[in-house]
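Here is how the chains run, residue by residue.
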Amino acid sequence: MFTRKIGIFSLIVLLLVSMISGCSSEKSSANGPVEIEFWYGLGGKLGENVEKRIKEFNASQNEVKVKGVAQGSYDETLQKLQAAIAAKKVPAAVLLKNDPMDAFAKKGTLAPLTKYIKEDADFHPEDFVDAFYQQGTINGEQYALPLYGTTQVLYYRKDMFEKAGIAPEQLKTWESFAEVTKQLTKKSGDKTEVYGWAPMWGPDNMIDAALSNGAKYLSEDGKKVLVDSPEWVKAWEFFRKGIQEDKTMTIHHDGQGWEYWYKTIDDAMQGRAAGYTGSSGDQGDLDFSILAAYPQPGWEGHQAAPHAGAQMGAIPVLASEKEKKAAFKWLKFFTNAENTADWSINSGYIPVRKSAQDVPAYKEFAEKNPQINVPLQQAQIATPPFVDPTGGKIYDALVKAADKVEIEGVSAEKALKDAQKEAQRALDKVVKK
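Residues numbered from 1 in each chain as written. Predicted model: local features only at pLDDT ≥ 70, side-chain atom pairs only at ≥ 80, totals over all residues. Heavy atoms only, no water.

Engineer: Whenever I open this one, the packing of helix α2 (residues 44-60) against helix α12 (residues 321-334) confuses me. Can you help?
Structural biologist: Pairs of packed helices are described in terms of their axes, by the angle between the two and the distance that separates them. Contact geometry of α2 with α12 gives a least axis separation of 11 Å together with a crossing angle of 120 degrees. Comparing their axes, α12 and α2 come out oblique. By crossing handedness, the relation of α2 to α12 is classed as right-handed. Facing Arg-53, Ile-54, Glu-56, Phe-57 and Ser-60 of α2, the residues of α12 in contact are Lys-329, Trp-330, Phe-333 and Phe-334. Among the residues making up the contact of α2 with α12, the classes are represented as five nonpolar, one polar and three charged. (Axes fitted to C-alpha atoms, helices over the stretch in contact; angles between N-to-C directions. Helix = DSSP H or I, 4+ residues; strand = E, 2+ residues; numbered from the N terminus. Parallel < 35°, antiparallel > 145°, perpendicular 65-115°, else oblique. Left-handed = near helix turned anticlockwise from the far one by under 90°. Contact = heavy atoms within 4.5 Å. Nonpolar A, V, L, I, M, F, W, Y, C, P; charged D, E, K, R; others polar.)

Have a look at this one:
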């Protein structure tokens, strides 16, 4: 009977241990490495680069073994993480977009990384690009590390600029930019054959221009939406006038998926536009024997301050302490100067550490491909992404306003006033709560 009780007790203990270990992705023996999962929503070349980095990390030490788990997209990663949290069986590390990362952290589902950062004398948080690093900071705690960044920059045709005698420095302010686009526009009667510029459809380019004019989304107390202020109106009207009246700018809109984006790129590549505004991540698809890159302008009296965003590496709070330490070690490896430089070289995305520019391989690549430095330079003076307290309704109002301005030709003043009213109603509901 005593033996039988011991057997039952042992079985219960084994079941409890199994249940506890099932609450996370950690697998390790007493003497072996801690095995963790890293979930990421990347495919193609980017996915291959993630797996390459994982193999390098696993081969570099014997304390942690990372297993990459590819998801279909960023959104699919988000959905599966939500399900994993509900089931209390989470990965140790996950790649998230900024907005859901912020929401997850505020709900208490992500682990603060501050103590691991403070305990690691070799981490050097000051080396991160501020606009990226701040995106993981909430109420003084660091909840995520930026893995790679992006921002939209100017891509211009070198041959057209040289033929017209225009120096790239003439793109430094929006006021001088306007003169450049007029000079480069070619018309036949009422028809424009070559546009001076092709901004990207949607609110983002116009938002960047407004921020570079000193615009703010909200009042200091967070209770009033300010998207109809003079700083916003001036910037958005600049685009409306160029597209609708002067015909010096053109946009592609609608279509399937990213169709409008690639049509815009084609305009510049095929000489139908003298340049376009696009992502740093476009660089892998561009021919820089034809194009060159330049930072977005500021306005006279204002420094450029366009958005720069990062994809974030985070650790779920339900992970065990062993997993958290292991995951932090993995994220630190992914973001060191050499690896973030290599990621940038192979993807076109922005390295997250300032010291990446000093990595020999990066310096050599940048000498032959100077366009790679432009997004990084811009990111260091950029504005972090806006965290919409309404869950996206302020941005949605700006999307509608952008279509009115760019497609319908409605004045920026009217379109933004309508957007402000819609966004304010949404904000009032949140503030009252």
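Engineer: Looking at this structure, how should I read the packing of aromatic side chains?
Structural biologist: Two numbers describe a pair of aromatic rings. These are the distance of the centres and the angle of the planes. Throughout the structure, instances matching the rule amount to 31 aromatic pairs. Residues Trp-174 and Phe-238 carry aromatic rings whose centres are separated by 5.5 Å and whose planes lie at 65 degrees to one another, so their mutual orientation is edge-to-face. Of this pair, Trp-174 sits in helix α8 (residues 174-184) while Phe-238 sits in helix α10 (residues 230-245), and the two are 64 residues apart along the sequence. Through a chain of ring-to-ring contacts, three or more aromatic side chains come together here, namely Phe-38, Tyr-40, Phe-57, Tyr-148, Trp-330, Phe-333, Phe-334, Trp-343 and Tyr-349. For Arg-353, the ring lying beneath its charged end belongs to Phe-123, and the centroid distance is 5.2 Å. (Phe/Tyr/Trp six-rings, centres within 6.5 Å; stacked < 30°, edge-to-face > 60°. Lys NZ or Arg CZ within 6 Å of the ring centre and 35° of its normal.)

Engineer: It is not clear to me how the nonpolar core should be interpreted in this structure. Could you clarify?
Structural biologist: The nonpolar side chains of soluble globular proteins are, as a tendency, buried together. Within the largest apolar cluster, 67 residues are counted, with the highest numbers of intra-cluster contacts made by Phe-38 and Trp-330. Ranked by the residues each element gives to this core, the list is headed by α12, at seven residues. Sequence-distant contacts of Trp-330, defined by excluding residues within four places in its chain, comprise Phe-38, Arg-53, Ile-54, Phe-57, Val-66 and Ala-93. Among the nonpolar cores identified, the runner-up in size contains 50 residues, and Ile-166, Val-180, Ala-210 and Leu-427 belong to it. (Core = buried A, V, L, I, M, F, W, Y, C linked by side-chain atoms within 4.5 Å. Buried < 20%, exposed > 50% of the residue type's maximum accessible area, 1.4 Å probe, protein only.)

Engineer: I tried to follow the environment of Ala-273 on my own but got confused; where do I start?
Structural biologist: Note on placement: Ala-273 falls in the loop between α11 (259-269) and β9 (275-279). Taking the C-alpha atoms as reference, Ala-273 lies 8.3 Å from Thr-250; in sequence the two are 23 residues apart. In this structure Ala-273 touches Arg-157, Met-160, Val-194, Tyr-195, Ala-198, Asp-267 and Ala-268, once residues within four positions along its chain are discounted.

Engineer: For this particular structure, what's the right way to read the pairing of strand β8 (residues 191-194)?
Structural biologist: Side-chain positions along a regular strand alternate between the two faces of the sheet. Two elements, strand β7 (residues 186-188) and β8, share three bridges in a ladder whose sense is antiparallel. Each bridged residue has a counterpart across the sheet, and for Ser-188 the counterpart in β8 is Lys-191. Between β7 and β8, which pair antiparallel one after the other, the connecting turn spans two residues, and Gly-189 there sits at a positive phi close to 70 degrees. (Pairing = 2+ DSSP bridges.)

Engineer: Explain the pattern of salt bridges to me, please; I cannot follow it from the model alone.
Structural biologist: Applying the stated rule across the entire model yields 20 salt bridges. For Asp-418, the salt bridge is made with Lys-404, and the minimal N-O distance between the two is 3.3 Å. One end of the pair, Asp-418, is in helix α17 (residues 412-432); the other, Lys-404, is in helix α16 (residues 393-408), with 14 residues separating them in the sequence. Its relative accessible area of 25% is what places Lys-404 among the partly exposed residues. In this structure, a network of salt bridges that share partners links the residues Lys-52, Arg-53, Glu-56 and Asp-342. (Salt bridge = Lys/Arg side-chain N within 4 Å of Asp/Glu carboxyl O.)

Engineer: Please clarify how the environment of Ile-315 should be interpreted in this entry.
Structural biologist: Checked against the element boundaries, Ile-315 lands in the loop between β11 (308-314) and α12. By relative accessible area, Ile-315 is classed as buried at 0%. Between the C-alpha atoms of Ile-315 and Leu-110, which are 205 residues apart in sequence, the distance is 5.7 Å. When sequence neighbours within four positions are dropped, the list of residues in contact with Ile-315 reads Ala-92, Leu-110, Ala-111, Leu-113, Lys-324, Ala-327, Phe-328 and Leu-331.

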